[in-house]
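Notes for the structure review
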Amino acid sequence: GRRGFLKAITVAAGMASQVPPADAQPQSAGTSPTGAARSAVRASMQYPRAFTGRQLAAIAFPLGGVAAGSISLGGRGQLRDWEIFNRPDKHRSPEYAFAAIWVQSGKARPLVRVLEASLMPPYQGTHGLAPANAPGLLRLDSATFIGEYPMAKVAFRDSQLPVEVTLEGFSPFVPLDADESGLPLAVLRYRVSNPGSEKAAVSIAFAIDNPVGTERYIPTRLATGEKRVNEYRQGANLEGLLMRNPALAATDPMAGTFALSLLNVGKGKVSHLRGWKLAKWWTSPLLYWDDFSRDGELGPEAPEQRPVGSLCLKREIEPGTEADYTFLLSWHFPNRTPEHCGWRAPKGDEGALIGNYYCTRFADAWQAAEYAAARLETLEARTRKFMEVMREATLPAAVKDAAMSNLSTLATQTCFRAASGEFYGFEGCDAQRGCCFGNCTHVWNYETATQYLFPSLARSLRKIAFGFAQDEDGSMRHRQLLPDGKERYGYAAADGQMGQIIKAYLDWRLSGDTDWLRELWPRIKKGVAFAWVPGGWDADRDGVMEGVQHNTYDVEFYGPNPQCGIYYLGALRAAEEMARAVGDSPAAKDFRDLFTRGSQWIDENLFNGEYYIQKVRSIPAEKIAKATISEMGSDRTENPDFQLGDGCLADQLIGQYLASLAGLGDLLQPARIRKTMESIYRYNYKRNLYQHESVQRVYALNDEAGLVVCDYAKGERPQVPFPYFAEVWTGLEYLAAVLMLYVGMVREGVECIESARRRYDGERRNPWDEAECGHHYARAMAAWSAIPALSGFQYHGVEKKVEAAPRLRRANFVSFWSTATSWGKFSHAARAGRLRFSLQVVEGALPCRMVVLHRATAGKPVAQLDGRSLGYDLHQEGSRASFTFSEEVPLKAGQELVLIL
């Protein structure tokens, strides 16, 4: 009937509407007459996701190394958003940058097409479509885009093309290996298969206008004073063009090199043009197209050229076989400066050279291509192994999609590594500048991708936060200026500082590196103690933050509140554990006492029966520590605006979020934590937003589901509440969802994650760009936290203890895991009263002395390493079983530990 019909059309359209589960609680927002119909039942999300039709319009899949810039692959197979020039560059692209295919099957007439799917509406323009990339040349009928970061696949379809063509685009991405994952290049591999009965001659050519310091070419007249140079080069199993621009000053932020190259060229004929014929109007692209169309080869070169370099490989493909055409795009732009990329600098240092780490490894773009070409087989295999482990994981598709898709942020201009090797991050990206500089602690605290996948980058963030950014009083300025070590930012953020303390604990726990912790400990200890300065966050040292607390909402909360206060509890617990690890017993005792008193007070005074609220307090300006207050919050300190008050805040338990990931246990009464998450699901989560009002920024609307930052259905809203309260941020949605997973609300948590990802459907928004204050917002990498939360996998590096407690009840649960020294997969299979646990290391080494399993039953145990029996002691308590091995088990890559009960 109507319900089935609606399901069918909704699935077909790939819309982002949502449907509540049958047992869901009533929704606080109303439903419009059409809203109910638009919330029809629809199919569950698949992983990896496939996009077709109008869903291709918004896709821009970043290709590039971690912290090394990117070029995005569009949904039609086109290149877009060339963001390799030391700053964000949305919509920037060379005048020409496209691939083309020439096919002759048997004796049939050759067929030539631009190797992209057809352009999509709208077709508006004052003079028609701009001539860039020759939009009037024939393209292919359609395409399906399959996105599985770090690899994308475009399957082209065309009714006339006698061969089948797919494109794979990727850059090497290997957990724990930040250097090999940080190469400044993109791999574009076209795979052509011949399903016919006759041999096919197939050529693929790539044409790119030298992008180094270019301005738009004016086709109606000849270019004058052109200085750009394209140089033909050959290397081992590699040939192509190195592009540069000698007209640029050596210090210009746009100065550098770019390379277009071909791999594995032994089987086939390579031809090239260092440039198209220099001519007026649109004669240059016309003559190039005529040249390629004639015989699927390029040349000869014209004596006078415009620098559109072109590279072509021609091969013969027998019936029933296929051939690859692998192009590399590589780049080298060493002159990153604060002014150019959007980072704040001390006065006079705006043009200081920060540099790029990848440029210290390679002399130019050609050397980067040669490095990759020599190692691509291994790097690709390692990348694919990571993807394979994630694909095999029995986690919900939406969880995998959210976690993996947001890793793409690491390859965008949100992130970079300076020439020193240190890792830096904006909050996000504006169109041509970074947005909100400074490794902003209260934003970067939400993400855990760096800690679990690139711990060296996470340690870099900690080194900077606990370095010059922290003054002698322990105040950690939540943004850092560059060059580092010259000037501190103006004030500290309570949430940012407390979160960095918890994250330092997680860094140590994942690595077991107590020497590193011992070196950092004095700074960590000062970071906690800063809360106690006169006029500070907890000036009376009672374990409760009553002071003025700057936070991620860009204002200060006055008086006790859950967001900063529970963060403080998490920091006290983390500091207690770290104090014990370094032998500082008196400090450990002090931190424990403060934690106990603070936890009890918050439970007794801020919990309203459903969630935790703020007790707004009046604080005279002269009693506020200077380093704790900004100019962005309330102008009145004794009757402050921009407060939380009685609202239900989505991230009120962010301190618990990080504490749970770090294995620190419950910071408050467990029943009240659970009740709070139920309330957030009840009040903040909206299955559609037809009746949700907001005068603020809009990231979700109409038939879309989302979890709002704060809801006042239960409590009275302040006349002027804190900024952003009515918005929807994916970073907060993921955080709340992860906490739901931890308290046993698995269905609800997965629903929130899937709702967020459905909004990024390729038509409405780019699935690889979750925006907040800027594109590719760092907070959204909190999506990764759902992997350790659902898998229940934890590792304590000092104790060498593995614990596995999957939160999904599946007969055979499989998941990815990682520590600071290794990564792999594990399975937890429970059938017919028998539990089989398998732990496999894919890369690195995992020292293991103890394994703790859950859902275990009594029975004859087995412990084996690669089939060899191990000695152990077994302790069982209910369904919890602990294997302690007689000797430390040094698990290495390729090995498998099996435990059976």
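This report concerns the structure included in the present document.

1. Quick look at the environment of V528
- Examined against the element boundaries, V528 turns out to sit in helix α12 (residues 514-529).
- The exposure class of V528 is buried, given its relative accessible area of 1%.
- For the pair formed by V528 and D538, sequence separation is 10 residues and the distance between their alpha carbons is 10 Å.
- Setting aside residues no more than four positions away along its own chain, V528 makes contact with I501, L572, A575 and F591.

2. Brief notes about the pattern of salt bridges
- This model, assessed by the stated rule, comprises 64 salt bridges.
- Ionic pairing is found between R391 and E148, a salt bridge with its closest N-O pair at 2.8 Å. Taken together, the positions of R391 in helix α6 (residues 365-392) and E148 in strand β7 (residues 142-148) put the pair 243 residues apart, joining distant regions of the chain.
- In this structure R391 comes out as partly exposed when scored by relative accessible area, which is 40%.
- By relative accessible area, which is 8% here, E148 ends up buried.
- The closest approach of N and O atoms between R361 and E180, which form a salt bridge, is 3.3 Å.

3. Topic: the pairing of β7
- Along β7, five of the seven residues are buried, which leaves the element largely enclosed by surrounding structure.
- Alignment of strand β1 (residues 49-52) against β7, held across four bridges, turns out to be antiparallel. Bridge pairing in β7 places R49 opposite G147.
- Relative to strand β8 (residues 151-157), β7 runs antiparallel, the two sharing seven bridges. The residue of β8 that forms the bridge with I146 is K153.
- In textbook terms, the turn of a hairpin is the stretch between consecutive antiparallel strands, and for β7 and β8 this stretch comprises two residues.

4. Let's talk about the side chain of S838
- Residue placement: S838 occurs in strand β34 (residues 834-853).
- A polar side-chain atom of S838 sits 2.5 Å from a polar atom in the side chain of E896.
- The contacts of S838, once residues within four sequence positions are left out, are K825, F826, S827, E896 and L897.

5. Overview of the nonpolar core
- With 233 residues, the main nonpolar core has Y190, F722 and W784 as its most contacted residues.
- Ranked by residues supplied to this core, first place goes to helix α13 (residues 562-581) with 11 residues.
- Once you skip the residues sitting within four places of it in the chain, F722 turns out to touch Y553, V555, F557, F642, Q643, L644, L649, Q696, V709, C710 and Y712.
- In this structure, M151, F170, V187 and A368 belong to the second largest nonpolar core, which totals 20 residues.

Cut-off values and rules
Residues numbered from 1 in each chain as written. Predicted model: local features only at pLDDT ≥ 70, side-chain atom pairs only at ≥ 80, totals over all residues. Heavy atoms only, no water. Helix = DSSP H or I, 4+ residues; strand = E, 2+ residues; numbered from the N terminus. Buried < 20%, exposed > 50% of the residue type's maximum accessible area, 1.4 Å probe, protein only. Contact = heavy atoms within 4.5 Å. Salt bridge = Lys/Arg side-chain N within 4 Å of Asp/Glu carboxyl O. Pairing = 2+ DSSP bridges. Polar contact = N/O pair within 3.5 Å; in protein donor to acceptor, adjacent residues only side chain to side chain. Core = buried A, V, L, I, M, F, W, Y, C linked by side-chain atoms within 4.5 Å.

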